[in-house]
Every structure is written in structure tokens, then in C-alpha cells.
Amino acid sequence: MKKLSILYGLLFFTILFFSCSNVDDELSLNDTFFDGAQTSATDAQLEGKWSIYQIKYEKKIIDVPASVKNCGRDFFNFQSAERFKEYVFVNSECTPQISELNWSLSNGIITFNTGLETDQWVITELTANRLVFKLQLDVDSDGELEVYQTICNRYEPPTEFYSGNFFWDSTVSNQDKILLQWDEYKGYNEFEKYEIYRLSEGCNTNNLELITTITDVNVATFVDENPPAINEVCYLFKIHTDKGLLESISAVAQTDYIKVPSVNLSVQKLNSATVNLNWDQYEGYYFSHYKITVRNYSSGSGGGYQEEELASIDDIKTTNYSTELPYFNNPVFVISVYNIFGSRNDYVIEGNNQQTTNFTREEILPVNSIKFLAFSPDETILYYSDNSDLYRYNYATNTVENSIELNSSSIIFIKVFKSSFGTEVIVNIGGTIAVYDVNLNFKYNLNLEVDVFFSPDHLIVNEDGYWLATDREKLYSFARTGNNLKLISTNNLYNNDFSSSEINIIDLGENRILAANRTKSQNLIVEINSDGELSSNSTLVDLNITPLWKNNYPFSKAKSYLINTGNNTVYDTNNYNLISTLNQDFFPTNISNDGSLILGTNNNPNSFGNYFHEKKVRTLSYPSFVKQEYESKGYPHFIFQNHLGQLISISKGLVGDLDFSAVKKDIFIEVIE
């Protein structure tokens, strides 16, 4: 029979001994096969383990040895519920080959049934420890069944050993989870259960937590769906049989190797300032949270590439999020999934968990950098240039109202003056000083009536309407008539030619001009009379001014103080004494119209380096220096107060220098509330 082939195979090679003896008087009549059956035999007497020790054929008896010496003997087991199992050892690992059949006993005849075939044994002797039965085999393949007797004794197998494995399956297809796997039990005792325990952190065997019990012997895997959030999770695997605990084996899962599947993202623009993000619900293991970020790049890294977190969502069923558009062009949205071990999905794939957009906020200026700027004194207008063009921008309506081409890297300054000639925009390009009206209509170039080539680094108009300028050596005063600047007088200042640094000037009022150079520890006070004539002598004072950004000096004529942004010192402009030194983490950019507030941020204007940056404007009251914070939409760079009393900030959507070309356009003007 097919199901008993393993047992009969063992008998076959043993019975060959008889076939070689050429015995011709074997019992061949089938009607004698059932003779002598011990009809009183019962199921209870038969149940248990037996091993064949001898085979008898006619008058010859042969002993049956163990198939594999160190494994013990082959045996079979009559079990309750009419189940029969035979165990045959074929190698030194002592894992038996097992065959199973249904059996029944009637009048001393055991019938085996596979559902397709039947086979029978005839019990001729059955005691507590001895079983003798007849079976039929066609050993010589002549088509005739020969009858043999097997002599069996009760058998208790030796102590069983489990030679299988228990391990964390970290193959590629299973790297998203802790899949514990083992070799199923194939022993000869009665299987009861598998148990898997989780050990406490540090693999402490004194603290075990039973996480599953499995009673199906054929189940050989288990996924731990609720492990602790630690780097190493340790497990203990136990097999129990009717003989008790068979084996305990440990395994360790390294959770930092667990991969996190990604989810698909889609982005929809709801209006000019809002987008809606939708994504597939995460279907993997060990979810911790979704993290939504926006970046200014679709791939790559390095200088200029930045990413900001928009939201962290710990509800796995939440699959949408609405947010304001960031303040930079064509933002790239990414959704990442994090597991409880701190890992996230490995790859960012465009069109999958990343979506690049062509969205742009209307507030974003059409330039990647601002090299020069000047605010209108009586309109909500900013004039700015990136060296290519000069723009008139209305920050109340977020509109570029006009622009003109400059296409020059030789711009020295852009200023807005309100004088007897009206409000004008003055641009110095390589020594040529162009004058535009407020709408950027070109008027003319100023003609400076001097005997030598003169290209001013600084130009101001004092309270009496005289035009004052400096080059790298002198201070000049002019009277303007139309497009002509007629020289009135000069002052040699330091009697030094500063070839590599500028001379800065401020009109302090009361007929005083402050002149300074960053290489000098003292400044000069030069007097100017009502006719525009400069005094030939200068007075040294113990203060200095260093511009933070493009010739801008925080100075209040109303409160008579100025700030040296080079070292954050505050000086009285009446007596030139030091008033205070501001915190070095504060970067002042301007002073309010009435002088009562110092305007600035804690953002270092130099973005290259590990400097602090925040989306806040900070003010200091004067003269008490009390701090006040205001939230901003971007990273503030240049703060001033306009003619309406509003605090205005030139901000960036990402960390970066205002005058350094950014990867994406991100400069905008915001009103600080």
C-alpha cells in the first residue's frame, strides 16, 4: 500500500534474506492467512508504540536491526481516534519520515484504509508488551502474496531532539516586518503546541511575555505585529509535546533593518494660497506617523536645497491634509511614513510619494535675489534690483507696476530721495548716475561738475537740500540745478585713499555730517553751513558705523542715536557716547519712524554655516530695550516702518541670503501684524 510503503520497504530488504533461501513450501493459500486471528484483541490493548524486532517466515527467524543506530529503532504508533503513524529514520539527524493512515480493529484483524486502498494485518498474539501479526507481501514479484509474521515489542523511543531552526526572516520580501520562522515539528512524540515569548529589553530571560500559542503543527511562521519600539527585539521559541517541553530556541530581530513601505500622494490646488494633499492609507506594519514635508527640489542635495516639515500625523486613517502654499516657487510635496522604530520609507519617488507642482503664490517676487533696494517714503512701493532689472513693486497689491532693464553688475547704489525735485529714484551704474521718476520713467543722468572722474560710493541729500557724496578719499558737497550737480566744496577726511573700502556718510542734522570707514576705529564729524560749504577741519569721535546691508545704517534723527551693526553698539549722536551694547544674537536692520523701536531679527543674514533662523521679527523699545516678538510668514531679512506706520519685512520662504541667487524664487514682502 502507498501509505505503508516506508514500513514495508524496511520489511522488504529484511525479507530478502528469506527469498534467497529458495524455500518453496511457503503458505500461499489466502484462506489460511486469516487463520489463528486473536479475536479477543481490543483497541486499548493495541494502542501505543511498537517496534518490529523480528520477522518469521516458516521456520526461519531474522532479527531486525535499527535503521540508524544513534536514532533508535523505526517504530509505529496506534493512536486513538483510529490514527496510525509510522516513523522511519533515514539519516543521522534523527528526523523521522512519517506516514499516517486510518485504522480499525475487528475480530483480531487490523484494516488500514487510505481512502483508495486497504491493507490488513492479522493479530496472532497480543499481550501487554508483545504483538505478533501476519501480513502479506509479494517479495519475488511472481504475482503471488507470501505470508510473513512480524514479532513486535512495546517501544519507548529515546529522548527526542529538535534539530530545526528558529529565526527572524529578514529576506527582502519580508523586510517590512518581524516574521519569525521555524522548522515545523516532525518528531515522534505527540505535538501539543508552539509557544513564542518576547523578552524584555536587553534580552533578559527573567522577564518573558507570551505573545502567541500555536496548536497547529503545520504552522511554521508568526508575525509580531506589536513589538516594543526598541533596537533589538529578542524572542524565545518553545515546542511542547506530550512528553513536556522539547526545545527552547532564541532569535533576535534588529529593528533598524525593517523597511517601511511608501504611500502614494496626490496634490490639488484649492485656491491661490491653499493646496490639498491626499494619500493612500498605510497598509504596512508598525505605523508611527505620516510626515508631510515641502522642499524646493525634486531630487539631489547640497547647497540651496531645503526641506521643511508641514505636519506630523499619527492617525493612520487620516489621509488628507490642507495647507497654505509655501513661499517659494514650484514647491515639491513629499509624504513619508515612519515606523515605531524611527525608520522611514527608503525612497522618494516622483509621482509616487512625491509630487512636484507648478504652483506659485502671487506674493513671490520675480527674482532669485535682491542686490539693491530702497523703499518709497510716501507709497507702499519697494524699488529693487537683481542687477538685471530695476522693479517698482507695490507690496499692498503684490504687483510689479513697472520694470526697466539695467543688465549691469556695476550698480553701486539705488536710492529714493524726496527733495525739491520731487520723489526720485537714483541709480549709480559704474559712475553714471541715472535719475528716474517714481514710475521708473527715465529723466536724465546727473552731471557732476568736478575736474576729475568721480564715481560716488555714497550719496545723500541733507536737511538743507544739498547733495553730498563720497568716493574712496573725500567728502563732496553739491548744489543741484536740474540735472547738474555743481561742486561747492570738499573735505579730505582722513587724508587717506581707501582703495578697498568705502566711506559711509550720515546726515546727523544740525549741520553735521558723520563720515566713517570700517578700517578706522573713530569717525569724523564734518560741519556744513547753510550755503553747503564743508568745514576744512574734521572732529574725531569714538564711534563707528558698519552697514548691515547695502549702505543701510539704523539711525534715528528723532531720538538722536544710531547703531553700529558691526558690533551692535548704540551711540548717542549728540555727545557721541556709548549708550548700550545689544545682544549679539540680535541683528538690527532699521529704526522706527519716531525712533521708539529698533527693528530686527535673530536671523543671521549669512546663511552659510550653522546659524540660527526663525520666522519671527523682533523689536527693542528705546531707550528701555524691552523685547517684543512678532510671528512672520517667512524668514525676515530687512525690516522697516513705512509711512503708514506698518512694520514691513522683506522675507524669504527658505533660509538663505537675500542677495544670493536661490534655487527657487522665494522672496516676498509681508506686513508684520
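Up top is the structure these notes are about.
Our subject in this report is the structure included herewith. Please read all numbers here as calculations on a predicted model, not as lab measurements.

Considerations on the overall build of the protein chain
Thinking step 1. A count of helices and strands for the protein chain gives two helices and 51 strands.
Thinking step 2. Taking 26 Å as the expected radius of gyration for a compact globule of 673 residues, we find that the protein chain reaches 48 Å, considerably beyond that expectation.
Thinking step 3. Counting only C-alpha atoms and orienting by the principal axes, one finds that the protein chain spans roughly 150 × 45 × 40 Å.
Thinking step 4. When burial is assessed residue by residue, the protein chain has 49% of its 673 residues classed as buried.
Thinking step 5. Once local pairs closer than 6 in sequence are excluded, the contacts in the protein chain between residues at least 24 apart make up 52%.
Thinking step 6. By element, 44% of the accessible surface of the protein chain is carried by carbon and sulfur atoms, the whole surface being about 31100 Å².

Some thoughts on the packing of aromatic side chains
Thinking step 1. This model, assessed by the stated rule, comprises 47 aromatic pairs.
Thinking step 2. Consider the rings of F191 and Y194, whose centres lie 4.6 Å apart with planes at 55 degrees: the pair is tilted. Comparing F191 with Y194, the two get one shared label, buried.
Thinking step 3. When the ring of Y561 is compared with that of Y622, the centres are 3.7 Å apart and the planes differ by 15 degrees; the resulting orientation is stacked. Here Y622 lies in the loop between strand 47 (616-621) and strand 48 (627-631) and Y561 lies in strand 42 (residues 561-564), a separation of 61 residues in the sequence. Considered together, Y561 and Y622 belong to a single accessibility category, that of buried residues.
Thinking step 4. Directly above the aromatic system of Y53 lies the positively charged group of R73, at a separation of 3.9 Å from the ring centroid.
Thinking step 5. Its end group placed over the ring of Y197, K238 keeps NZ or CZ at 4.8 Å from the ring centre.

Brief notes about the pattern of salt bridges
Thinking step 1. If you walk through the whole model with that rule in mind, you get 25 salt bridges.
Thinking step 2. R361 serves as the salt-bridge partner of E324, at 3.5 Å between the closest nitrogen and oxygen. Placement of the pair is E324 in strand 21 (residues 320-324) and R361 in the loop between strand 23 (354-356) and strand 24 (372-375), with a sequence separation of 37 residues.
Thinking step 3. Here E324 falls in the partly exposed class, since its relative accessible area comes to 49%.

A few points about the sheet that holds strand 48
Thinking step 1. Read from one edge to the other, the open sheet built from four strands follows the order 45-46-47-48, with strand pairing classed as antiparallel. Bordering the open sheet on either side are strand 45 (587-591) and strand 48, each of which pairs with just one other strand. Put simply, the sheet's adjacent strands are angled 30 degrees from each other on average, direction ignored.
Thinking step 2. Here strand 47 runs beside strand 48; their pairing, made up of five bridges, is antiparallel. Looking at strand 48, one finds that V617 is bridged to Y630.

A look at the sheet that holds strand 17 (residues 265-269)
Thinking step 1. The strand order 17-18-21 describes an open sheet built from three strands, whose pairing is antiparallel. Of all strands in the sheet, those bounded by a partner on one side alone are strand 17 and strand 21. Strand after strand, the sheet turns through a mean of 20 degrees between neighbouring axes, direction not considered.
Thinking step 2. Examined bridge by bridge, strand 17 and strand 18 (residues 274-279) share five bridges and lie antiparallel to one another. Paired with S266 across the two strands is N278, which belongs to strand 18.

Here's the deal with the side chain of R618
Thinking step 1. Its location among the elements puts R618 in strand 47.
Thinking step 2. What R618 contacts, discounting residues up to four positions off in sequence, is F586, I598, L599, G600, T601, N602, Q628 and E629.

Regarding the nonpolar core
Thinking step 1. One finds F76, F78, I110, W121 and L131 to be the most contacted residues of the largest nonpolar core, which totals 26 residues.
Thinking step 2. Listed by contribution, the elements that provide at least two residues to this core are strand 1 (48-57), strand 3 (75-79), strand 5 (97-106), strand 6 (109-113), strand 7 (118-126), strand 8 (130-137) and strand 9 (146-154).
Thinking step 3. Counting residues in hydrophobic clusters, the runner-up holds 25 residues, among them W168, Y185, F222 and A253.

Considerations on the state of the cysteines
Thinking step 1. Counted by the stated rule, this structure contains two disulfides.
Thinking step 2. One disulfide bridge connects C71 with C94, the sulfur atoms lying 2.1 Å from each other. Taking the torsion about the sulfur-sulfur bond, which here is approximately -85 degrees, the covalent link between C71 and C94 counts as left-handed. One end of the pair, C71, is in the loop between strand 2 (60-63) and strand 3; the other, C94, is in the loop between strand 4 (83-88) and strand 5, and 23 residues separate them in sequence.
Thinking step 3. In this structure C71 comes out as buried when scored by relative accessible area, which is 3%.
Thinking step 4. Looking at C94, the relative accessible area reads 22%, which means it is partly exposed.
Thinking step 5. Disulfide pairing is shown between C203 and C234; the S-S distance is 1.6 Å. A residue pair is termed long-range when its members are at least 10 positions apart, and C203 in the loop between strand 12 (191-200) and strand 13 (204-214) and C234 in strand 15 (residues 232-241) qualify at 31 residues.
Thinking step 6. C203 sits in the partly exposed class, given a relative accessible area of 29%.
Thinking step 7. Counting only the cysteines that form disulfides, in the order they appear in the protein chain, gives the pairing 1-2, 3-4.
Thinking step 8. Counting only cysteine sulfurs, C71 is the nearest neighbor of C152, a cysteine outside any disulfide, at a range of 20 Å.

Rules and cut-offs
- Residues numbered from 1 in each chain as written.
- Predicted model: local features only at pLDDT ≥ 70, side-chain atom pairs only at ≥ 80, totals over all residues.
- Heavy atoms only, no water.
- Helix = DSSP H or I, 4+ residues; strand = E, 2+ residues; numbered from the N terminus.
- Rg over C-alpha atoms; globule rule 2.2 N^0.38 Å.
- Buried < 20%, exposed > 50% of the residue type's maximum accessible area, 1.4 Å probe, protein only.
- Contact = heavy atoms within 4.5 Å.
- Areas by Shrake-Rupley, 256 points an atom, 1.4 Å probe, with all protein chains shown as cover.
- Phe/Tyr/Trp six-rings, centres within 6.5 Å; stacked < 30°, edge-to-face > 60°.
- Lys NZ or Arg CZ within 6 Å of the ring centre and 35° of its normal.
- Salt bridge = Lys/Arg side-chain N within 4 Å of Asp/Glu carboxyl O.
- Pairing = 2+ DSSP bridges.
- Axes fitted to C-alpha atoms, helices over the stretch in contact; angles between N-to-C directions.
- Core = buried A, V, L, I, M, F, W, Y, C linked by side-chain atoms within 4.5 Å.
- Disulfide = S-S within 2.5 Å.

Remember that the coordinates give geometry; whether it matters functionally is a separate question.
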